Amino acid sequence: MDIKRSINIKNEEDTKSFGINLGQKARAGQVIALIGDLGTGKTTLTKYIARGLGITENISSPTFTIVKEYETGRLPLYHFDVYRIGDPDELFNIGAYEYFDGNGLCVVEWADLVQDELPEDTDFIFIEYGDEEGERIYRCTF
């Protein structure tokens, strides 16, 4: 997987700008895969992507439901948290492939756990801690 660019995120304001921009440019059928350790800001980034889509609902991690749907934006947002998936067949059972091929934007947290099941054209963001408090590095394949 080729990293096309690395972005230094200094604070939450940078996360907000990056996420809103992603949401504004998102297209139907796009899958964004987020990979990063606990606490690196996957859900926070997803909240700002949702804001860029014009979604007004409160975004929270779908840890126990695996996927949450938000329909109030210019595109639907399908927010996945696959941390608790033990078997890729569970993705099939919840209809994930219909979401991936659907009319919305899919954002998948902990995507490394189901990487082989994601569409070939998935956009990956690897989130790493930066050197300073609150800093992150986004390594993107797009």
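Residues numbered from 1 in each chain as written. Predicted model: local features only at pLDDT ≥ 70, side-chain atom pairs only at ≥ 80, totals over all residues. Heavy atoms only, no water.

## Quick notes on the pattern of salt bridges
Applied cut-off: In the sections that follow, a salt bridge refers to a side-chain nitrogen of Lys or Arg positioned within 4 Å of a carboxyl oxygen of Asp or Glu. Per the convention used, a helix needs a DSSP run of H or I reaching at least four residues, while a strand needs a run of E reaching at least two, with both numbered from the N terminus. The rule is simple: take the accessible area with a 1.4 Å probe, protein chains only, and divide by the maximum for that residue type; under 20% is buried, over 50% is exposed, in between is partly exposed.
With the rule as written, the count across this model stands at two salt bridges. Residue E128 pairs with R139 through a salt bridge whose shortest N-O separation is 3.1 Å. With E128 in strand 6 (residues 123–129) and R139 in strand 7 (residues 136–140), this residue pair connects regions lying eleven residues apart in the sequence. R139 sits in the partly exposed class, given a relative accessible area of 27%.

## Considerations on the sheet that holds strand 4 (residues 77–81)
What counts, and what does not: Note: two strands are recorded as paired if DSSP finds a minimum of 2 bridges between them. Helix axes are fitted only over the stretch in contact, all axes being lines through C-alpha atoms; the angle between N-to-C directions runs from 0 to 180 degrees. Contact definition: two residues touch when any of their heavy atoms are within 4.5 Å.
Taken in spatial order, the seven strands make up an open sheet running 1-7-6-2-5-4-3, and their pairing is mixed. Whereas interior strands pair on both sides, the edge strands pair on one side only; in this sheet they are strand 1 (5–9) and strand 3 (67–70). Geometrically, the sheet is characterised by an average inter-axis angle of 20° between neighbouring strands, direction not taken into account. Bridge count for strand 4 against strand 5 (residues 105–109) is five bridges, and the pairing is parallel. Bridge pairing links H79 to V107 in strand 5. Here helix 1 (residues 12–25) sits on the sheet in contact with strand 1, strand 2 (31–36), strand 6 and strand 7, set at roughly 135° to strand 1. Against the sheet, helix 2 (residues 42–53) contacts strand 2, strand 4, strand 5, strand 6 and strand 7, and its axis sits at roughly 170° relative to strand 5.

## Looking at the pairing of strand 6
Among the seven residues of strand 6, five are classified as buried, and the element is accordingly described as predominantly covered. Where strand 2 meets strand 6, five bridges bridge the pair, whose relative direction is parallel. Its bridge partner lying in strand 6, I32 is registered against D123.

## Focus: helix 2
Residues separated by three or four positions in an α-helix point in the same direction, a consequence of the helix having 3.6 residues per turn. The cut-off we apply is this: The length a helix should cover is 1.5 Å for every residue beyond the first.
Taking 1.5 Å per residue, twelve residues should reach 16 Å; helix 2 reaches 17 Å between its end C-alpha atoms and fits that length. Burial runs high along helix 2: nine of the twelve residues are buried. Along its buried surface, helix 2 packs onto helix 1, strand 2, strand 4, strand 5, strand 6 and strand 7. Downstream of helix 2 by a residue or two, G54 has a phi angle that is positive, lying close to 85°.

## Concerning helix 1
For the record, the criterion: Within 3.5 Å is the distance limit for a polar contact, defined as a pair of N or O atoms, with the added protein rule that one can donate a hydrogen and the other accept it, and that residues adjacent in sequence qualify only through two side-chain atoms.
Between its terminal C-alpha atoms helix 1 stretches 20 Å, which fits the 20 Å expected from 14 residues at 1.5 Å a residue. All of the buried residues along helix 1 are T15, F18, G19, I20, L22 and G23. The inward-facing, buried residues of helix 1 abut strand 1, strand 2, helix 2, strand 6 and strand 7. The backbone nitrogen of E13 has a side-chain oxygen 3.1 Å away, supplied by the residue at the start of helix 1, namely N11.

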